[in-house]
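Take a look at the letters that make up each chain.
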Amino acid sequence: MNMRPRPDLDPATFISGAPSDSTASPDRHAEGQILEISVDKLRPNNMQDRDDFESEESVSYIDSLAASFNLDLPGGKKFGVRNPLFVGPADAEGIHEIIAGENRWRAAKQAKLLHVPCIIRNGSATVARLEHVSENALRRDLTLWQQAKAVQRDQEEFKLSDEQIITAHGLRNKSQLSKIRAVLKMTPLQQDFFITGLIDNVSYAYDLKKITDESSLRKLEKMLRSGKGFRESLDK
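Overview of the structure. Being a predicted model, the structure only gives us computed values, none of them experimental.

Comments concerning the pattern of salt bridges
Thought 1: One pass over the structure, following the stated rule, counts 16 salt bridges.
Thought 2: Between Arg 43 and Glu 97 there is a salt bridge, and its shortest N-O distance comes to 2.8 Å. Within this pair, whereas Arg 43 is found in strand E2 (residues 42-43), its partner Glu 97 is found in strand E4 (residues 96-100), the two being separated by 54 residues in sequence.
Thought 3: A relative accessible area of 33% places Arg 43 in the partly exposed class.
Thought 4: Sharing partners across several salt bridges, the network here consists of Asp 49, Arg 129, Arg 153, Asp 154 and Glu 157.

Here's what the structure looks like:
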């Protein structure tokens, strides 16, 4: 899986008005400290942008993760989860919301692990959101449709600026951001190309938007499903 450099999301510079270290409460864990937390004390992020955990590809990926966690090591130990999850502080019931690492959590439960390594993030909801978004961008976990919906959420719910969205999502420039937003302004039939994954290149967004009649869109869909490329299909 291709990995991108992690964006610089230092709250002190990235978010206006972010709390300084001096406001930290005394019971907060040291930044970067890894803790073993029960899998039963974790829950999915209610702002999760992914909606395909039940897809064949996701199930297969989680299966492979679970199998790797159960690999036997010398001395009777298991390989386990090597990359810590990012989680929020415990709520009144002692439950931590997962900021990044839901695949690992699901795989750990499937592998019947009792605990997973976690790093607790104590920042604001906006900081937690940025951690979540940047993790998806880093691992390229989202489909183009999911990313478009995530961008919309970041703008409308979290009031992030274009510059913040570009940085958090690992986008190249405002032109790429505009193309992603264009996906949300298309007709439902056009959007289906992105929802189903027939088109996963945002550079094709404006070209698709120009095709408005249903017969042409159905013809394009048929050609893409047959394995032809987007540009090749447009020329037919």
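Concerning the pairing of E4
Thought 1: Within E4, 5 of the 5 residues are buried, which leaves the element mostly enclosed by the surrounding structure.
Thought 2: As paired elements, E2 and E4 share 2 bridges and run parallel to each other. The residue of E4 that forms the bridge with Arg 43 is Glu 97.
Thought 3: By the bridge criterion, 2 bridges tie strand E3 (residues 85-87) to E4 in an arrangement that is antiparallel. Considered in E4, the bridge of Val 87 is made with Ile 98.

With respect to unusual backbone geometry
Thought 1: Unusually for a residue other than glycine, Lys 112 sits at a positive phi of about 65°.
Thought 2: Examined against the element boundaries, Lys 112 turns out to sit in the loop between helix H3 (102-110) and strand E5 (115-120).
Thought 3: According to the relative accessible area criterion, Lys 112 is exposed, its value standing at 71%.
Thought 4: You will see that Lys 159, though not glycine, has its phi angle at about 55°, which is positive.
Thought 5: Mapping Lys 159 onto the fold places it in the loop between helix H5 (144-156) and helix H6 (162-169).
Thought 6: A residue is classified by how much of its surface remains accessible, and Lys 159, at 64% relative accessible area, is exposed.

A word on the sheet that holds E5
Thought 1: Across the sheet, which stays open at both edges, the 5 strands sit in the order E1-E5-E3-E4-E2 with mixed pairing between neighbours. With one partner strand each, in any of the chains shown, strand E1 (34-38) and E2 form the two edges of the open sheet.
Thought 2: As paired elements, E1 and E5 share 5 bridges and run antiparallel to each other. Bridging across to E5, Leu 35 finds its partner in Cys 118.
Thought 3: Of the strands in this sheet, E2, E3, E4 and E5 are in contact with H3, which crosses E4 at around 125°.

Observations concerning the environment of Gln 110
Thought 1: Along the polypeptide, Gln 110 turns up in helix H3.
Thought 2: Residue class for Gln 110 comes out partly exposed when judged on its relative accessible area of 42%.
Thought 3: Sequence separation between Gln 110 and Asp 63 is 47 residues, and the spatial gap between their C-alpha atoms is 7.9 Å.
Thought 4: Aside from chain neighbours lying at most four places away, what touches Gln 110 is Ile 62, Asp 63 and Ala 66.
Thought 5: In this structure the side chain of Gln 110 is engaged in a polar contact, spanning 2.6 Å, whose partner is the side chain of Asp 63.

Cut-off values and rules
- Residues numbered from 1 in each chain as written.
- Predicted model: local features only at pLDDT ≥ 70, side-chain atom pairs only at ≥ 80, totals over all residues.
- Heavy atoms only, no water.
- Salt bridge = Lys/Arg side-chain N within 4 Å of Asp/Glu carboxyl O.
- Helix = DSSP H or I, 4+ residues; strand = E, 2+ residues; numbered from the N terminus.
- Buried < 20%, exposed > 50% of the residue type's maximum accessible area, 1.4 Å probe, protein only.
- Pairing = 2+ DSSP bridges.
- Contact = heavy atoms within 4.5 Å.
- Axes fitted to C-alpha atoms, helices over the stretch in contact; angles between N-to-C directions.
- Polar contact = N/O pair within 3.5 Å; in protein donor to acceptor, adjacent residues only side chain to side chain.

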